[in-house]
Structures are given as C-alpha cells and as structure tokens.
Amino acid sequence: KGFDIIEREQVKNLLNEQSLRMSGVVNISEAQNVGNLLGLDFVVIGSVSAFKDRIEIDLRLVQVANGKAVLAESTTARGEDNLRSSAVELAGKIDQVYQQKGK
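Residues numbered from 1 in each chain as written. Predicted model: local features only at pLDDT ≥ 70, side-chain atom pairs only at ≥ 80, totals over all residues. Heavy atoms only, no water.

A. Region of interest: the pairing of strand β1 (residues 42–50). For β1 and strand β2 (residues 55–63), the ladder comprises nine bridges, and the chain directions are antiparallel. Bridge pairing links F42 to Q63 in β2. Taken together, β1 and the strand that follows it, β2, pair antiparallel across an intervening segment of four residues. (Pairing = 2+ DSSP bridges. Helix = DSSP H or I, 4+ residues; strand = E, 2+ residues; numbered from the N terminus.)

B. Geometry of the environment of A50. Tracing the backbone through its elements, the reader meets A50 in strand β1. In sequence terms A50 and G79 are 29 residues apart; their C-alpha atoms lie 8.8 Å from each other.

C. Main features of the packing of aromatic side chains. Applying the stated criterion across every chain yields a total of one aromatic pair. With centroids separated by 5.5 Å and ring planes inclined at 75°, the aromatic side chains of F42 and Y98 adopt a geometry described as edge-to-face. Taken together, the positions of F42 in strand β1 and Y98 in helix α3 (residues 83–101) put the pair 56 residues apart, joining distant regions of the chain. Across the pair, Y98 and F42 agree in class, each one buried. One residue, R54, lies across the ring of F51, its end atom 4.3 Å from the ring centre. (Phe/Tyr/Trp six-rings, centres within 6.5 Å; stacked < 30°, edge-to-face > 60°. Buried < 20%, exposed > 50% of the residue type's maximum accessible area, 1.4 Å probe, protein only. Lys NZ or Arg CZ within 6 Å of the ring centre and 35° of its normal.)

D. Region of the structure containing the nonpolar core. F42, I57, L59, L61, V70, L71, L90, I94, V97 and Y98 together form the largest nonpolar core, which totals ten residues. Those elements giving two or more residues to this core turn out to be β2, β3 (68–77) and α3. It is α3 that provides the largest number of residues to this core, a total of four residues. Those residues in contact with L90 that sit more than four places away from it in its chain are I57, L59, E73 and T75. Within the second largest apolar cluster, five residues are counted, among which are A31, I45, V62 and V64. (Core = buried A, V, L, I, M, F, W, Y, C linked by side-chain atoms within 4.5 Å. Contact = heavy atoms within 4.5 Å.)

E. Quick peek at helix α2 (residues 28–38). Residues of α2 that are buried: A31, Q32, V34 and G35. Down the axis of α2, the buried side of the element spans an arc of 165°, and every buried residue falls inside it. Where α2 ends, the next residue or the one after it, G39, has phi of about 70°, a positive value. (Arc of directions from axis to C-beta.)

F. Examining the sheet that holds β3 more closely. Spatially, the three strands line up as an open sheet ordered β1-β2-β3, and their pairing is antiparallel. Of all the strands in the sheet, the pair left with one neighbour each is β1 and β3. Looking at each pair of strands side by side, their axes are set apart by 15° on average, direction ignored. Here β2 pairs with β3 via nine bridges, running antiparallel. If you follow I57 over to β3, its bridge partner there is T75. Sitting on the sheet, α3 is in contact with β1, β2 and β3, with an inclination near 165° to β3. (Axes fitted to C-alpha atoms, helices over the stretch in contact; angles between N-to-C directions.)

Set out below in structure tokens:
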C-alpha cells in the first residue's frame, strides 16, 4: 500500500463534472467530500505562505472516513534553499501517521 498523488487540476475536473466548485480555501468538510468522491482514505490540505525572509507551510492530514484531522503540522523554511528539506520533513511525518492509521 502506498500513496496516490492527485493533482489539483484532476480534482478541479472531477468537481466540475460533479457541479461542485473548488475555491483556493478548502476546509475539512470539503476535503472529506472530495476524498469520498475520489475514493481516498486520506487527504492532505494546507497552505504555503511566502514572506520576505521565510516560507511557511501548514498542513493537515484528514482521514476521509470520519473527517478527523489525524495530523496537523507546520514548518518554516528560511528561503527557497531550505524549502526542499522542510517539505521532506513534512512528508516523513505524513508517512509515519499514514503507516499507523492506514493499516
């Protein structure tokens, strides 16, 4: 068992077919609905905010079956050079929770 990555454009196409609208902001309920439509176990939602001297990443891993956020994390990268390591760190945390909850 592993991860299936679904691009935003694919999600938009599905939502358009279902006569739904996806704004830039997704709450847990909307994420749960999209996850159900796509047959997913988990959905990652969050935001990336760029500031002059840092990039902040906030995310939640939502269990589709019950709409519960099983992980909420944030990290700050000091410029683009540290962005990759910050993203890898968050991906590792997602994987750890997925391995525990997804089985």
